[in-house]
Amino acid sequence: MNAFTKASTTAAVVESEEPLSPGYDAATKDDAEFNKHFRHGFTTIDDVQMHYVIGGDGPQVMVLLHGWPQSWYEYRQVMPSLLPGRTVIAIDLPGMGDSTGNPSSRTKAVLATYIHRLLNHLGHRENVHVVAHDFGVSVAYPLAAQYREQVAGLFLMDYGLVGKNLKFATIESMFWHFSFNKQNPLAEELVTGRVETFLTHFFQGMRTAGENVSVDELAEFVRLFSRPQVLHAGFELYRTEAQDEADNTNLQETPLTIPVRMITQAGLADMVLAPLQDAPPTPPPPTSPAPDTSSSTRHPTASWPRSTPSTPPPPPPPDQLPSRHTEMRGNP
């Protein structure tokens, strides 16, 4: 491959490396719409060749981070609708998807550093809006907390952020796969050679929660998690949660000051919302209404208000993303 990617905020043209992952374009090589708007890119950051998909040349940069057991491909169907006015970059997390290599640590704060450095390489050092699903949220938060000049907004889906307000032990007791995936090396030994059976069972169990996976998506995820390094890397996401909890607790000592949106299943809203309230600033005390109501006055809004803010933050509206039942928004 000799593809080129152009960063919208820089005049430099970034050349892609030859991919180390075979079959990286299995799901897209015959996809005319994809090939019209997007292209694959590969860049080595230290010991990991990072894989990303990029399209558009708009001034607003939107980064998409996937969950487990998925890859950038979970966003494939919505990516074209995100293009107007944007440069869209869907990234395979370090060591996952068609990224190749072993990061120096599997903690999410370290994985966020790989994303940060990849974006720097592509010329996107500021005004980046990050959309994240599931474990992508656990990388998006330290990315925003550690590199505040780079991230301008977060849109987070379906993940309880461990830290001051939520402990991993609480989540682990709620979902069978959290405990199973931690078992090292038992999880790898049981699933190797049975990836399709394992993922089919997992996604069937998630249908009631809105995780509807198409036949094409399942085939792509089976291809990826049949790579031994990807299978291992996916399970490792669960094995570093104790350190992630400690790291996030420290990061939450300095609240975020950027717009943050969250959307999740209604049944999990309270569990997911409370930890994220540790990320934005403490809401200001309520103020009395202005006596003159002839013109609208916009007061500073508290973080994570229960009502929709009058001016929505930069990330896209939920109808352009994989949606769930309940939306909570914040505009610090």
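Please read these numbers as outputs of a predicted model, since none were measured by experiment.

Cut-off values and rules
Residues numbered from 1 in each chain as written. Predicted model: local features only at pLDDT ≥ 70, side-chain atom pairs only at ≥ 80, totals over all residues. Heavy atoms only, no water. Helix = DSSP H or I, 4+ residues; strand = E, 2+ residues; numbered from the N terminus. Buried < 20%, exposed > 50% of the residue type's maximum accessible area, 1.4 Å probe, protein only. Contact = heavy atoms within 4.5 Å. Areas by Shrake-Rupley, 256 points an atom, 1.4 Å probe, with all protein chains shown as cover. Core = buried A, V, L, I, M, F, W, Y, C linked by side-chain atoms within 4.5 Å. pLDDT = per-residue confidence, 0-100. Polar contact = N/O pair within 3.5 Å; in protein donor to acceptor, adjacent residues only side chain to side chain. Pairing = 2+ DSSP bridges. Right-handed = clockwise from strand over helix to strand, strands pointing away. Axes fitted to C-alpha atoms, helices over the stretch in contact; angles between N-to-C directions. Parallel < 35°, antiparallel > 145°, perpendicular 65-115°, else oblique. Left-handed = near helix turned anticlockwise from the far one by under 90°. Nonpolar A, V, L, I, M, F, W, Y, C, P; charged D, E, K, R; others polar.

Moving on: the overall build of the chain. The helix and strand inventory of the chain stands at 12 helices and 11 strands. Among the 332 residues that make up the chain, the fraction classed as buried is 57%. For the chain, restricting intrachain contacts to residue pairs at least 6 apart in sequence, the fraction spanning at least 24 positions comes to 75%. Counting every atom, the chain has about 14100 Å² of accessible surface; 52% of that belongs to carbon and sulfur.

Attention shifts here to the environment of P59. The residue P59 is located in the loop between β4 (48-55) and β5 (60-65) in this model. P59 gets classed as exposed once you look at its relative accessible area, which sits at 63%. Taking the C-alpha atoms as reference points, P59 and V128, separated by 69 residues in sequence, lie 9.9 Å from one another.

We now examine the nonpolar core. In this structure, L65, W68, I91 and L154 are the most contacted members of the largest nonpolar core, which totals 90 residues. In terms of residue count, helix α4 (residues 135-146) provides more of this core than any other element does, 8 residues in total. Discounting chain neighbours no more than four positions away, the residues touching W68 are M96, D134, F135, H177, N181, F198, F202, F225, G234, F235, L237 and Y238.

Looking now at the confidence of the model for the chain. For any part of a model where pLDDT is low, the fine detail of the predicted coordinates should not be relied upon. For the chain, mean pLDDT is 83; residues scoring 70 or higher make up 78% of the total. Long-range and interchain partners of residues 290-332, a stretch whose pLDDT sits below 50, account for 108 contacts in this model, where long-range means more than four residues apart.

A few words on the side chain of Q150. For Q150, the position within the fold is in the loop between α4 and β9 (151-157). Among the residues examined, Q150 registers a relative accessible area of 0% and is labelled buried. Of note is the side chain of Q150, whose polar atom sits 2.8 Å from the side chain of H116. If sequence neighbours within four positions are ignored, Q150 has contacts with H116, L119, N120, H124, R125, E126, N127, V128 and L143.

Attention now moves to the pairing of strand β8 (residues 128-133). Counting buried positions over the 6 residues of β8 gives 6, a clear majority of the element. Residue alternation in β8 divides its side chains into two sets, V128, V130 and A132 and H129, V131 and H133, and both sets are buried. Relative to β8, β5 runs parallel, the two being bridged by 5 bridges. Counterpart to V61 in the pairing with β8 is V128. Taken together, β8, α4 and β9 form a β-α-β motif whose crossover is right-handed.

If you trace the backbone, F38 turns up in strand β3 (residues 38-45). Between the C-alpha atom of F38 and that of G55, which follows or precedes it by 17 residues, the distance is 4.3 Å. In contact with F38, not counting residues within four places along its chain, are V53, I54, G55, M79, P80, L83 and V88.

Okay, the side chain of E236 next. On the secondary structure map, E236 appears in helix α10 (residues 228-239). A relative accessible area of 14% means that E236 is categorised as buried. What E236 contacts, discounting residues up to four positions off in sequence, is R106 and N184.

Let us now look at the pairing of β4. Taking burial as the measure, the 8 residues of β4 include 8 buried ones, the bulk of the element. Alternating residues of β4 divide into V48, M50, Y52 and I54 and Q49, H51, V53 and G55, and every residue in both groups is buried. Alignment of β3 against β4, held across 8 bridges, turns out to be antiparallel. Along β4, the bridge assignment pairs T44 with Q49. Two successive antiparallel strands, β3 and β4, enclose a turn made up of 2 residues, where D46 displays a positive phi of approximately 55°. Both β4 and strand β7 (residues 100-101) contribute to a ladder of 2 bridges, which runs antiparallel. What sits directly across from Q49, in β7, is T100. In the sheet, β4 pairs with strand β6 (residues 86-91) via 4 bridges, with the strands oriented antiparallel. By the bridge assignment for β6, I54 is matched with I89.

Axis separation between helix α8 (residues 195-206) and helix α9 (residues 215-225) bottoms out at 9 Å; the angle between their running directions is 130°. Taken as axis vectors, α8 and α9 run oblique relative to one another. Once α8 is placed against α9, the crossing between them reads as right-handed. The residues of α9 that touch α8, namely those facing V195, E196, L199, T200 and F203, are L218, F221, V222 and F225. Class assignment of the residues belonging to the contact of α8 with α9 gives a composition of 7 nonpolar, 1 polar and 1 charged.

Burial runs high along helix α12 (residues 269-276): 6 of the 8 residues are buried. Looking only at α12, the buried set comprises A269, M271, V272, L273, P275 and L276.

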